[in-house]
Each structure stands twice: as C-alpha cells, then as structure tokens.
Amino acid sequence: MNRPLSLNQATTKYWTLAETVRGCADAGITGIGVWRDRLAETGTAQAKQLIEDAGLTVTSLCRGGFFTAADGGRDDNRRAVEESAAIGCAVLVLVCGGLPAGSQDIIGARSQVLDEIAALAPYAAQHGVRLAIEPMHPMFCSDRGVISTLGQAIDMAAQFPADQVGVVVDSYHVWWDPEVERQIARAAGRIAAVQISDWITPLPAGVLLGRGHVGDGHIDNRRLVDAAYSAGYDGFVEVEIFNEEIWSAPAEETVRTVLDRHRKLFG
C-alpha cells in the first residue's frame, strides 16, 4: 500500500522552513506542505533550493483564498500563485473565506468565492498551478470558509477544467459528513490534495487548534484516505495539525510521532 507521507509545516509551527526541510529529510519523509509566512522568511529562490537539495516534493502551498474580502484578495492571490510556481508546487490550497464583516448573506458570499476563483483560475493555469478548494467544517463558516462540504467544493470546482481547479480532502473538515465517501468517489479526477489529522474532544476554546495526532481522536483516517485512492488519487498524504500542545513539544518528537502513526495506519 503506497501512501507516501508529507509533513505540512503547520504541524511543526515553530520550525523555520529550513528546519522543517531538514527534519523531513532526516526522518525519511519525502513530501512537505509549505506555508507562505515561512516561505516569506527565506524567499522563493532560497526555499526552492533548500527543498530541491533535500529531495523533497512540495505537496501544497497554503494558502490562497479569503475571497470574501472587500477586494476579493486578488493581488495577494496572484502573489500566492506566483510563489507556488516559483517553488515548484503544483497545488495552491484555497481557504475560501467566511462572511464579510457584519454580513449575514452566506449565499452572496459563496457567489463571490465562485467569481473570484473564476478570475484567478486562468492566471494560475498560466503558471502551471492548480487551485484546490478546501471545504471547511461548518463551525468555520462565519470567519474562514463558507464552503462547508466536499459536495459544495466539487460543485464549484466542476465549473472549471479539472487540471485548473480541484478540491482538498481534509479529514478534519469532512469526516462528519454522512455523504463524504460518496462525494470522495464523485471527486475522481478532482482531488488535488489529501490532508489528515484527528478530531479530539473536548475542543479547546480556540476551536482552530482542536486537531490531534492521527489515532488520538475520532476520525477513521484510513477509511477516508483509502476512499481517495480508490477514486484515483495517487499523491501524498499530508499531515496537518493545529494544536498548541503539539506545537510546544520538541518538533523532532512531533515528527517521530507523525511518522510512527503513518506507518501504523498505512504500513
């Protein structure tokens, strides 16, 4: 069973890009998910060199999106596309954005997301970058992501060529959905990235940080990942964890745990 592992930088939040690259290489992890704030610390040229020298594949760049801002975030999203292309990353993850301040118009917000993706997709295609719509758990609908189900994300992505706009299957955001396996099958040809973590309870006060190591919570990650591969996905499984306790632990220890859990789950 080939389920290659990628370490998303969010999991080792306090490591620099250079430290994360080195940590992956030392552990034999061959993929890395890059965040733009860490990328900015080195610049794209140095980052590309670091990653290439370590023999790593960049599995995603996070993030573009937040399309519901007043200007749709157009300038920043174009920069995100350029940064993705500059480091050899083919997938730009889109956190689409929540409701505009003071708004209750969720239908209008979703329409704005679609319009902004339509404006960005040709530019991304020119740079060889595929946009990946990430549906987010409904508890983030007001402030981070008005696209709440994988089905919604697929419906939106389907309005564009598959090589231009795909979807992210992030187990933390979709595991609760009774339609999720059917929607993963429906996403065949559209799955641009697979991300996993675990849902732990009770959730912390800042619910964004409620992700745990795979195996510590309630998500059947094996089932969801297998469904993605059955739908034709053949890329990396990217571990993305937001958790203050995990961030505060020695990052080397976190990497060992990530690798150990991945081996137990996928062999």
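Above this text is the structure in question.
For the structure given in this document, a descriptive report is provided here. (Residues numbered from 1 in each chain as written. Predicted model: local features only at pLDDT ≥ 70, side-chain atom pairs only at ≥ 80, totals over all residues. Heavy atoms only, no water.)

1. Notes on helix H9 (residues 221–230)
Let me state the cut-off plainly: Remark: exposure states derive from per-residue accessible area (1.4 Å probe, protein chains only) relative to the maximum for the residue type, with buried under 20%, exposed over 50%, and partly exposed in between. Every helix listed is a DSSP run of H or I at least four residues long, and every strand listed is a run of E at least two residues long, numbered separately from the N terminus. Contacts were defined at the residue level, with two residues in contact if any of their heavy atoms lie within 4.5 Å.
Of all the residues in H9, the buried ones are Asn 221, Leu 224, Val 225, Ala 227, Ala 228 and Tyr 229. Packed against the buried residues of H9 are helix H7 (171–174), helix H8 (180–186), strand S7 (191–196), strand S8 (198–199), strand S10 (237–239) and helix H11 (251–266). Gly 232 sits one or two positions beyond H9 and adopts a positive phi of about 105°.

2. As for the sheet that holds strand S4 (residues 91–95)
For the record, the criterion: The pairing criterion is simple: DSSP has to find at least two bridges between the two strands. Orientation is described by lines fitted to C-alpha atoms, with helices fitted over the stretch in contact, and by angles between N-to-C directions that extend from 0 to 180 degrees.
If you trace the eight strands once around the closed barrel, you get S1-S2-S3-S4-S5-S6-S7-S10, paired in parallel fashion. Taken pair by pair, the neighbouring strands of this sheet meet at an average axis angle of 30°, ignoring direction. As judged from the three bridges shared by S7 and S10, these two strands associate in the parallel manner. Looking across to S10, one finds that Ile 196 is bridged to Val 239. This element, helix H5 (residues 106–126), spans S4, strand S5 (130–133) and strand S6 (165–170) of the sheet and lies at about 145° to S5. In the packing of H11 onto the sheet, contacts are made with strand S1 (5–8), S7 and S10, and the angle to S1 comes to roughly 145°.

3. Let's talk about the nonpolar core
Note the cut-off: The criterion is simple. A nonpolar core is a set of buried Ala, Val, Leu, Ile, Met, Phe, Trp, Tyr and Cys residues joined through side-chain atoms within 4.5 Å.
With 75 residues, the main nonpolar core has Val 34, Ile 117, Leu 131, Ile 133, Ile 184 and Ile 191 as its most contacted residues. Here this core gets seven residues from one element, more than from any other, and that element is H5. Sequence-distant contacts of Ile 191, that is, excluding residues within four places in its chain, are made with Arg 130, Val 167, Val 169, Ile 184, Ala 228, Ala 231 and Tyr 233.

4. Notes on the packing of helix H4 (residues 74–86) against H5
Our working rule: We call two directions roughly parallel when the angle between them is under 35 degrees, roughly antiparallel when it is over 145, roughly perpendicular when it lies between 65 and 115, and oblique otherwise. Each crossing is labelled by how the near helix is turned from the far one, with a counterclockwise turn of less than a right angle marking it left-handed and a clockwise turn marking it right-handed. When residues are sorted by character, Ala, Val, Leu, Ile, Met, Phe, Trp, Tyr, Cys and Pro go into the nonpolar class, Asp, Glu, Lys and Arg into the charged class, and all the rest, Gly among them, into the polar class.
Where H4 contacts H5, the two axes come as close as 10 Å, and the packing angle between them is 30°. Taken as axis vectors, H4 and H5 run roughly parallel relative to one another. Like other packed secondary-structure pairs, H4 and H5 cross with a definite hand, here right-handed. Contact with H4, carried on its side by Arg 74, Asn 77, Arg 78, Val 81 and Glu 82, involves Glu 116, Ala 119, Leu 120, Tyr 123 and Ala 124 of H5 and no other residues of that element. Class assignment for the residues of the contact of H4 with H5 results in five nonpolar, one polar and four charged.

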